[in-house]
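Overview (structure and organization)
Residues per chain are reported as follows:
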Amino acid sequence: MTKTALVTGILGQDGPYLAKLLLSKGYRVYGLIRRYSNPNFSNLDFVGVTDEVDYVEGDMNDEASLLNLIRTIRPTEVYNLAAQSFVKSSFDQAKLTTEVNSLGPLYLLNAIKYFSPTTRYYQASTSEMFGLQHTNGYQDEKTPFHPRSPYGVSKVYAYWITVNYRESYGLFTANGILFNHESPIRGKQFVTRKVTDGVAKIKLGLAKEIRLGNLDARRDWGFAGDYVEAMYLMLQQKESNDFVVGTGESHTVRELVELAFKSVGIDDWKKYVVIDPQYKRPAEVPNLRAKPDKAFKLLKWKPKMTFDKLIKTMVEADLERNKKKTT
Ligand code: NAP
Ligand code: G4F
């Protein structure tokens, strides 16, 4: 029997990498997209799977559309990647963020409970749930949550409703508590891509500066292509479980900036960076660093791409894309 997967958030960053992985394993992949006059398939084009995905229409805010999809497709697995995922915007659009990120997962879980209880469910949980909390400088599955944004708060609800439907109804549900992961198709608002795109533009003479917020924040940055493997592995386990996924290394935004400029031969990066208060947050998450021992042991998962390689790869991709604008 061909396995089927419904992937929400298929047009985002993680969706295309996950779709590619599942297709390579012989899955039929259904990708949920919202109703658009002109949907943007550029991320799927980048990984080369646009024509292999079956697109289905729905919205995380529209319960009936999700009920109907689960009832008709009855997928082997659901990967719920859809979210309002930009932390900064969640402060200004808290209600929308809560509806998509908290109620959306509830609608999907209810649909599975009523119409397809053998479907396995993956919830895209996040290290943002830890916020200020850490255990000796790290976060693992036992670290308590103290979210610092409406985004983080919305994801804590989704985390617990995912656990609750496992405990209450015996559904196979897994939370992947993923730390920051990036790639050449990362949205340009997020700091890695904002920096790599900005550096490429400066190198090519298309821009003069990059405006940034807090350079002291530390993040555990990995490669999205590695992290979707962990998502897949979580749904192949005997028992459902929750896992922290990260590299175990953290770097400041300042280090990221320095590295990106260095990769194009610019050492005096401070000339090009302007600190702009509009990019600071009402409450910051200062330090995220994963302790992914459980994933290493039970999933036998390991990140393959280093931070240096990741940033260099992103800068190179942005140089290529921006060069096209100069010709
Ligand atoms: P992303 O690039 O922002 O993609 C999010 C996707 O969600 C987009 O395709 C978006 O659709 C879709 N979406 C938003 N609202 C929707 C709605 N109402 N109905 C249907 N779809 C909707 O995010 P990502 O980086 O791929 O992350 C995937 C998931 O992992 C997210 O849930 C995120 O919160 C979580 N996560 C990400 C990271 C990370 O570092 N990347 C770390 C931990 C957890 P449109 O394209 O139509 O806008
Ligand atoms: O790249 P960011 O916007 O990512 P953030 O807030 O860590 O959230 C991302 O990772 C989470 C996992 O931990 C996901 F759940 C979430 O969906 C998203 O994918 O910001 C990273 C850091 C922050 O501390 C921010 O304050 O960079 C700092 N920063 C400094 N200047 C900036 C900027 N961030 C952005 N986006 N833009 C700046 O100009």
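Structural data are supplied above this passage.
The paragraphs below set out a description of the structure included in this document. Given the structure is predicted, the values throughout are model-derived calculations rather than measurements. (Residues numbered from 1 in each chain as written. Chains lettered and ligands numbered in written order. Predicted model: local features only at pLDDT ≥ 70, side-chain atom pairs only at ≥ 80, totals over all residues. Heavy atoms only, no water.)

1. Focus on the site of ligand 1
Taken together, 24 residues lie around ligand 1, and Asp14, Arg34, Tyr36, Ser85 and Tyr151 are the ones closest in. Protein chains shield 87% of the accessible area of ligand 1, which is 890 Å² for the free molecule. Elements represented by at least two residues in the shell around ligand 1 include exactly strand S5 (120–126) and helix H6 (150–169). A total of 3 residues in the shell around ligand 1 trace back to one element, the largest contributor, which is S5. (Near = heavy atom within 4 Å. Areas by Shrake-Rupley, 256 points an atom, 1.4 Å probe, with all protein chains shown as cover. Helix = DSSP H or I, 4+ residues; strand = E, 2+ residues; numbered from the N terminus.)

2. So, the site of ligand 2
The full set close to ligand 2 counts 24 residues, and Thr126, Ser127, Tyr151, Arg281 and Glu284 are the nearest of them. With respect to ligand 2, the side chain of tyrosine 151 contributes an N or O atom lying 2.8 Å from an oxygen atom. Between a nitrogen atom of ligand 2 and a main-chain N or O atom of glycine 213, the distance comes to 2.8 Å. Along the lines of polarity and charge, the residues of the shell around ligand 2 split into 10 nonpolar, 7 polar and 7 charged. (Polar contact = N/O pair within 3.5 Å; in protein donor to acceptor, adjacent residues only side chain to side chain. Nonpolar A, V, L, I, M, F, W, Y, C, P; charged D, E, K, R; others polar.)

3. Describing the packing of helix H7 (residues 191–203) against helix H9 (residues 253–262)
Direction vectors running N to C along H7 and H9 enclose 30°, while the axes themselves pass 10 Å from each other. Relative to H9, H7 is oriented roughly parallel. In this structure, H7 meets H9 at a crossing whose hand is right-handed. Residues Val191, Thr192, Val195, Val199 and Ile202 of H7 touch H9, and the partners they reach there are Val253, Leu256, Val257, Ala260 and Phe261. A per-class count over the contact of H7 with H9 returns 9 nonpolar, 1 polar and no charged. (Axes fitted to C-alpha atoms, helices over the stretch in contact; angles between N-to-C directions. Parallel < 35°, antiparallel > 145°, perpendicular 65-115°, else oblique. Left-handed = near helix turned anticlockwise from the far one by under 90°. Contact = heavy atoms within 4.5 Å.)

4. Quick look at the pattern of salt bridges
With the rule as written, the count across this model stands at 18 salt bridges. Salt-bridge contacts for arginine 219 lead to glutamate 284; the nearest nitrogen and oxygen are separated by 3.6 Å. Pair noted here: arginine 219 is in strand S9 (residues 218–219) and glutamate 284 is in the loop between strand S13 (273–275) and helix H10 (293–299), with a separation of 65 residues, a long-range link. Of the two residues, arginine 219 and glutamate 284, both sit in the buried class. Salt-bridge contacts for aspartate 268 lead to lysine 271; the nearest nitrogen and oxygen are separated by 3.1 Å. For aspartate 268, a relative accessible area of 38% translates into the label partly exposed. One network of salt bridges, with partners in common, ties together Glu128, Arg219 and Glu284. (Salt bridge = Lys/Arg side-chain N within 4 Å of Asp/Glu carboxyl O. Buried < 20%, exposed > 50% of the residue type's maximum accessible area, 1.4 Å probe, protein only.)

5. Notes on unusual backbone geometry
If you check the backbone angles, arginine 74 has positive phi at about 45° while not being a glycine. In this fold, arginine 74 is placed in the loop between helix H3 (63–73) and strand S4 (77–80). Residue classification places arginine 74 among the exposed residues on the basis of a relative accessible area of 53%. Not every positive phi belongs to a glycine, and asparagine 136 is a case in point at roughly 50°. Inspection of the secondary structure puts asparagine 136 in the loop between S5 and H6.

6. Focus: the sheet that holds strand S3 (residues 54–57)
Strand order in the open sheet formed by 7 strands is S3-S2-S1-S4-S5-S6-S11, and the pairing between neighbours is parallel. For this open sheet the edge positions go to S3 and strand S11 (242–245), each flanked by a neighbour on one side alone. On average, adjacent strands in this sheet sit at an angle of 20° to one another, irrespective of strand direction. Across 4 bridges, strand S2 (residues 28–33) lies against S3 in parallel orientation. (Pairing = 2+ DSSP bridges.)

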